[in-house]
Amino acid sequence: MNELLERLSIARGVAGHEGEVRAILREYVAPHVDEIAVDSIGNLIARKAGPQDPPGQRVLLAAHMDEVGAIVMRCNSDGTVKFRSIGGLDPRILPGKRVRIGADAVPGVIMRAPHAARAGSRVAPIADLLIDTGGAGGIQAGDMITFESDYEQFGRLLKGKAFDDRVGCYILAQLLQEDFPCQLVGAFTVQEEIGLRGARVAAYAVEPDLAVALEGTVADDLPREEDVSPTTELGKGPAVSVMDRSAHADRRLVRILTQTADAHNIPYQIKQPGVGGTDVGAIHLARSGVPSVAVAVPCRYIHTPAALMDPADVENTIELMKHALAGSLARPLEAAGSEK
Ligand SMILES: [Zn+2]
């Protein structure tokens, strides 16, 4: 669909190795913001001052640059590579997957170690998997490992890797092109997949009045089973989080988003509570607390090389955030405790 989204999906960046993603975003965002800088941990922070007199309240939008992947533990004498995951990888999907290793993107394929292969159909844990590079040199401990995946159209859907959370980065980059009646701070964060680490540093420094995390989230909507309500569904619009494993959303912000969507005929869905976590988990506990919520684009097969998402959900998430930032998100929240 879109050149920026394609570049972001193909860019390689597990936690601690976000440089390529950061460079793409910095180049795209810099002409449209008042200030842009990289902080001590690697977050890219872009600021738009908004109205001056009086200044608007400070709204933090966060999207994480890192993707799930792995890291080289050691190179064995037979040329295979031992690795461990960075972020949540399902060992069931790994054997046979093509990967790229290190800054030079050395190609490899994940295989089961011989003793694991002999164990038959049992799922091999990641500790029993290796990468075959055909004996390529130049690989060392600490090199990052990413899935290899093309960005392409699947019917009406988009397929690629790392939509979690490059789609959030894409949406944030679009929002930073516009002017809103608030101080807008865009934080492209690092190391979300291993414990929301970049967001913790960013939220402390930014001291926002409120925050929204922009995400890609689990869509387990296929195949359809009766009486099983999916976490989110493709094509049903942005998914607003009420509660996940990392945070309870601020009820006032949930209401602002759902009322804004209703007022502008934008479809939305409430993400089924309990699944996953986002940068909100760190942001809402920063300093003396920050009212926060997460909005996400549903992605099938998230954390695999072949995530699928609906471009209509991406556009509707941008529309919802534009209307919310032009309206209620730019105004002080009603007093805490006033919500039902
Ligand atoms: Zn994510």
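Quick caveat: nothing in here was measured; it's all calculated off a predicted structure. (Residues numbered from 1 in each chain as written. Predicted model: local features only at pLDDT ≥ 70, side-chain atom pairs only at ≥ 80, totals over all residues.)

**Description of the overall build of the chain**
Counting secondary structure elements, the chain contains eight helices and 17 strands. In summary, the chain has a C-alpha radius of gyration of 20 Å against a globular reference of 20 Å for 340 residues, a match within 12%. If one aligns the C-alpha atoms of the chain with their principal axes, the spans along those axes are about 65 × 50 × 35 Å. A fraction of 75% describes how many contacts in the chain between residues 6 or more apart in sequence connect residues 24 or more apart. (Helix = DSSP H or I, 4+ residues; strand = E, 2+ residues; numbered from the N terminus. Rg over C-alpha atoms; globule rule 2.2 N^0.38 Å. Contact = placed C-beta atoms within 7 Å.)

**Brief notes about the sheet that holds strand β17 (residues 307-309)**
Read across the sheet, three strands follow the order β10-β11-β17 without closing on themselves; strand pairing throughout is antiparallel. In this open sheet, the two edge strands, each paired with only one partner strand, are β10 (152-154) and β17. The sheet shows a mean angle of 35° between the axes of neighbouring strands, taken without regard to direction. Bridge analysis of strand β11 (residues 157-160) against β17 gives three bridges, and the strand direction is antiparallel. Pairing of G160 across the sheet is with A307, part of β17. (Pairing = 2+ DSSP bridges. Axes fitted to C-alpha atoms, helices over the stretch in contact; angles between N-to-C directions.)

**Brief notes about the domain arrangement of the chain**
Taken domain by domain, the chain comprises domain 1 (3-67 + 161-330) and domain 2 (69-147). Of note, the centres of domain 1 and domain 2, computed from C-alpha atoms alone, are 31 Å apart. Listed as interface residues are eleven residues of domain 1 and, on the opposing side, 14 residues of domain 2. Residues belonging to the side of domain 1 that touches domain 2 are distributed by class as follows: four nonpolar, three polar and four charged. (Domains from an automatic or database assignment. Nonpolar A, V, L, I, M, F, W, Y, C, P; charged D, E, K, R; others polar.)

**Section: the pairing of strand β4 (residues 69-75)**
Pairing analysis gives six bridges linking β4 to strand β5 (residues 80-86), with the strands arranged antiparallel. Within β5, the position partnered with R74 by the bridge is K82. Counting the residues in the hairpin turn of β4 and β5 gives four residues, including G79, whose phi is positive at 90°. Taken together, the two bridges between β4 and strand β9 (residues 144-147) define a ladder with antiparallel strand orientation. Across the sheet, residue I71 finds its bridge partner in β9, namely M144.

**Side note on unusual backbone geometry**
Put simply, D53 and P54 share a cis peptide bond, and its omega is 0°. Following the sequence through the fold, P54 ends up in the loop between β2 (44-48) and β3 (58-64). The linkage connecting D164 with the following residue, D165, adopts the cis geometry, with an omega of 15°. Note on placement: D165 falls in helix α4 (residues 163-175). For Q191, which is not a glycine, the phi torsion comes out positive at approximately 60°. Within the secondary structure layout, Q191 lies in the loop between β12 (183-189) and α5 (197-206). The buried category is assigned to Q191, around which 25 C-beta atoms lie within 10 Å. A positive phi angle is found at N265, which is not glycine, with a value near 55°. The topology assignment puts N265 in the loop between α6 (251-263) and β15 (269-270). (Buried ≥ 20, exposed ≤ 12 C-beta atoms within 10 Å, placed from the backbone.)

**So, the packing of α4 against helix α8 (residues 311-326)**
Direction vectors running N to C along α4 and α8 enclose 45°, while the axes themselves pass 10 Å from each other. The pairing of α4 with α8 is recorded here as oblique in orientation. In the packing of α4 onto α8, the handedness of the crossing is right-handed. Contact with α4, carried on its side by V167, I171, Q174 and L175, involves V314, T317, I318, M321, K322 and L325 of α8 and no other residues of that element. Residue composition of the contact of α4 with α8, by class: seven nonpolar, two polar and one charged. (Parallel < 35°, antiparallel > 145°, perpendicular 65-115°, else oblique. Left-handed = near helix turned anticlockwise from the far one by under 90°.)

**Brief notes about the environment of A117**
Take A117: it is sitting in helix α3 (residues 114-118). Looking at A117, the number of C-beta atoms within 10 Å reads 12, which means it is exposed. Separated by eleven residues in sequence, A117 and D128 have C-alpha atoms that sit 9.0 Å apart.

**Digging into the sheet that holds β5**
With antiparallel pairing, six strands are arranged side by side around a closed barrel as β4-β5-β8-β7-β6-β9. Neighbour to neighbour, the strand axes of the sheet diverge by 45° on average, direction disregarded. Of the pairings in the sheet, the one linking strand β6 (residues 98-101) to β9 comprises three bridges and is antiparallel in character. Bridge pairing in β9 links V99 to F147.

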